[in-house]
Amino acid sequence: MPDSLAGRDIITIDDLNKDEIQLILNQAARFEELRQRRRKFDLLDGRVLATLFYEPSTRTRLSFETAMHRLGGDVISVAEAAKSSSAAKGETLTDAARVISGYADVIVQRHPAVGSAQEAAAGATVPLINAGDGMGEHPTQALLDLYTIQRERGRLDGLWVGLVGDLKHGRTVHSLSRALAHWDVRLTLVSPPALALPATVTGELRRRGLTVHETDDLTTAMSACDVLYVTRIQRERFADPAEYKRLRKSYVVDQALIKHTNPNITIMHPLPRVNEIATDVDDLPGAAYFRQAANGVWVRMAVLTLVVG
Ligand code: NCD
């Protein structure tokens, strides 16, 4: 196995080039193929993963931990780290990561502040993987999103992808849109103007050669797109609760809308959903979000194997 990723931090999706992303996706596919024959490996026997979560998580933490268990490694974990770790006593992220590097071979951290992963990585002497730094990035989510698109549609090149919802605060779309810039895709950004993808990101995508359309019209966008990636309005990022209330029901995708606009569309969502995808979508063949969540295990197995080496 190539070792170019061994020992590396993954703070932003731009820490990985296209070949490295492809390597991770291929390795993830191998783990998925082997799932029936081999549920447990010994590739990371004797290695320890530390998960350090200062913000709520279900999928990201549990899929990283499942991945490590399946690789034969061990897991140490702090959920509610803001309350239950020494952060409550004023320890910096940098110091905490340095200390945890003495116990673990890789650290996965989520924290509400942009830049927190970088801050921890400065202290860590083992690879640090950003599992979400506030409204910054969530690079391993982007990897599993790419994996899912490829799995559902058979390719990435030539697709038209719509991102809808809270594109301002949503870290998953910040990472995914950058990742998609490596492929020949068209991107339509659907949001209320107040929740648009930051202009710095849009500008960067265009500079990298991506065709980007911006609109607030979901119906038209859905008719054109192969894949619609729906996101939650990120309540916890709003300074003004009234603003959240005004925007929270901006878009709802339901079965009637899909049938009317584009019955073949693939619907994705990083989850958790609140009200932006009606439950009557769940049984449609194109509803990929639960498969997407499950894919997190294969992708994180690949990431851990390559990074821990
Ligand atoms: C996302 C996150 O935490 O950014 N969840 C996830 O990791 N699957 C999306 C969200 O919280 O809306």
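The sections below set out a description of the structure shown in this document. Residue indices begin from 1 for each chain and proceed along its sequence in written order. Note on the predicted model: pLDDT of at least 70 is required for a residue's local features to be given, and 80 or more for side-chain atom pairs to be given and counted; whole-chain, interface and lining totals, by contrast, use all residues. As a convention, hydrogens and water are excluded, and side-chain values are obtained from all of the structure's heavy atoms.

Along the protein, the regular secondary structure elements total twelve helices and nine strands. Atoms considered for the radius of gyration are the C-alpha atoms alone. The globule rule reads 2.2 Å times the number of residues to the power 0.38. In terms of C-alpha radius of gyration, the protein reaches 19 Å, essentially the compact-globule figure of 19 Å for 309 residues. Here the C-alpha coordinates of the protein stretch approximately 55 × 45 × 40 Å along the principal axes. Three exposure classes are used, based on accessible area relative to the maximum for each residue type with a 1.4 Å probe and protein chains only: buried under 20%, partly exposed in between, and exposed over 50%. Relative to its full complement of 309 residues, the protein shows a buried share of 55%. By the convention used here, residues are in contact when the closest approach between their heavy atoms is within 4.5 Å. Taking the intrachain contacts of the protein between residues at least 6 apart in sequence as the baseline, contacts between residues at least 24 apart amount to 73%. Methods summary: accessible areas were calculated by the Shrake-Rupley approach with a probe of 1.4 Å, and residue burial reflects only the protein chains presented. Accessible surface computed for the protein: about 13200 Å², of which carbon and sulfur atoms make up 48%. Runs of E in the DSSP output that reach at least two residues are strands. Runs of H or I that reach at least four are helices, and both are numbered from the N terminus.

All right, on to the packing of helix α1 (residues 18–33) against helix α6 (residues 139–153) then. Here an axis means a line fitted to C-alpha atoms, over the contact stretch when the element is a helix, while the angle between two N-to-C directions is reported on a 0 to 180 degree scale. One can describe the packing of α1 onto α6 by two numbers: an axis separation of 10 Å at closest approach and a directional angle of 65 degrees. Two packed elements cross with a definite hand, and for α1 against α6 that hand is right-handed. Across from I21, Q22, I24, L25, A28, A29 and E32 in α1, the residues of α6 making contact are L143, L146, Y147, Q150 and R151. Partitioned by chemical class, the residues of the contact of α1 with α6 number eight nonpolar, two polar and two charged. Rotating anticlockwise by less than a right angle from the far helix to the near helix defines a left-handed crossing, while the corresponding clockwise rotation defines a right-handed one. When residues are sorted by character, Ala, Val, Leu, Ile, Met, Phe, Trp, Tyr, Cys and Pro go into the nonpolar class, Asp, Glu, Lys and Arg into the charged class, and all the rest, Gly among them, into the polar class.

On the surface, I76, V99 and Y103 cluster together into a nonpolar patch covering about 280 Å² of accessible area. Note that Y103 resides in the loop between α4 (93–100) and β3 (106–111). On the basis of relative accessible area, Y103 is assigned to the exposed category, the value being 55%. Patch membership requires more than 30% relative accessible area and the absence of a salt bridge. Residues of like charge join within 9 Å; the nonpolar side chains Val, Leu, Ile, Met, Phe, Trp and Tyr join within 5 Å. Definition used for salt bridges: Asp or Glu carboxyl oxygen within 4 Å of a side-chain nitrogen of Lys or Arg.

Buried Ala, Val, Leu, Ile, Met, Phe, Trp, Tyr and Cys residues that are joined via side-chain atoms within 4.5 Å together make up what is termed a nonpolar core. Ranked by size, the top nonpolar core spans 61 residues in total, and within it I24, L146, L163, L180 and L304 carry the most contacts. Here this core gets ten residues from one element, more than from any other, and that element is helix α12 (residues 289–308). For the purposes of this description, domain bounds are those given by an automatic or database domain assignment. Each of two domains, domain 1 (13–137 + 296–308) and domain 2 (139–293), supplies a minimum of three residues to this core. If we ignore the near neighbours within four places in the chain, the residues touching L304 are L44, L49, F64, A67, M68, L71, V106, I129 and G309. Judged by nonpolar contacts, the second largest core, of 21 residues, contains W160, V253, I265 and I277.

Looking now at the pairing of strand β8 (residues 227–230). Of the two faces of β8, both are covered, the one formed by V227 and Y229 as well as the one formed by L228 and V230. In the sheet, strand β5 (residues 160–164) pairs with β8 via four bridges, with the strands oriented parallel. From the neighbouring strand, L163 faces β8, where its bridge partner is Y229. Two strands are counted as paired when DSSP detects at least two bridges linking them.

Okay, the environment of S116 next. Within the secondary structure, S116 is located in helix α5 (residues 116–123). Separated by 16 residues in sequence, S116 and G132 have C-alpha atoms that sit 8.9 Å apart. With residues up to four places along the chain from it excluded, the contact list for S116 reads L93, Q109, H111 and D133. Two N or O atoms count as a polar contact when they lie within 3.5 Å, although within protein this holds only if one can serve as hydrogen donor and the other as acceptor, and sequence-adjacent residues are included solely when both atoms are side-chain atoms. In terms of polar contacts, S116 uses its side chain to reach the backbone carbonyl oxygen of A113, at 2.6 Å.

Quick look at α1 now. Working rule for helices: expected span equals 1.5 Å times residues minus one. The terminal C-alpha atoms of α1 lie 22 Å apart, and with 16 residues this matches the ideal 22 Å at 1.5 Å per residue to within 8%. Of the positions making up α1, those classed as buried are E20, I21, L23, I24, L25, Q27, A28, F31 and E32. Against the buried residues of α1 lie α6 and α12. N-capping of α1 is provided by N17, with a side-chain oxygen placed 3.1 Å from the backbone N of D19.

Viewed as axis vectors pointing N to C, α6 and α12 meet at an angle of 115 degrees, and their least axial separation amounts to 8 Å. Like other packed secondary-structure pairs, α6 and α12 cross with a definite hand, here right-handed. From α6, T140, Q141, L143, L144, D145, Y147, T148 and E152 reach across to α12, where they touch R291, Q292, N295, G296, W298, V299, R300 and V303. Of the residues that constitute the contact of α6 with α12, the class distribution is six nonpolar, six polar and four charged.

What follows concerns the pairing of β5. Counting buried positions along β5 yields five of five residues, so the element is predominantly enclosed. In β5, alternate side chains face the same way, and those of W160, G162 and V164 on one face and V161 and L163 on the other are all buried. As judged from the five bridges shared by β5 and strand β6 (residues 186–190), these two strands associate in the parallel manner. Paired with G162 across the strands is T188, a residue of β6.

Below, the discussion takes up the sheet that holds strand β9 (residues 266–268). The strands that make up a sheet are held in pairs by hydrogen bonds between backbone atoms, and each pair lies either parallel or antiparallel. The five strands are arranged β7-β6-β5-β8-β9 in an open sheet whose pairing can be described as parallel. With one partner strand each, in any of the chains shown, β7 (211–215) and β9 form the two edges of the open sheet. If you compare each strand with its neighbour and ignore which way they point, the axes differ by 20 degrees on average. Pairing of β6 with β7 involves five bridges; the strand directions are parallel. Bridged to L189 within β7 is E214. Across the face of the sheet, helix α7 (residues 171–180) comes into contact with β5, β6 and β8 while running at roughly 165 degrees to β5. Where helix α8 (residues 199–207) meets the sheet, it contacts β6 and β7, and its direction lies at approximately 145 degrees from that of β7.

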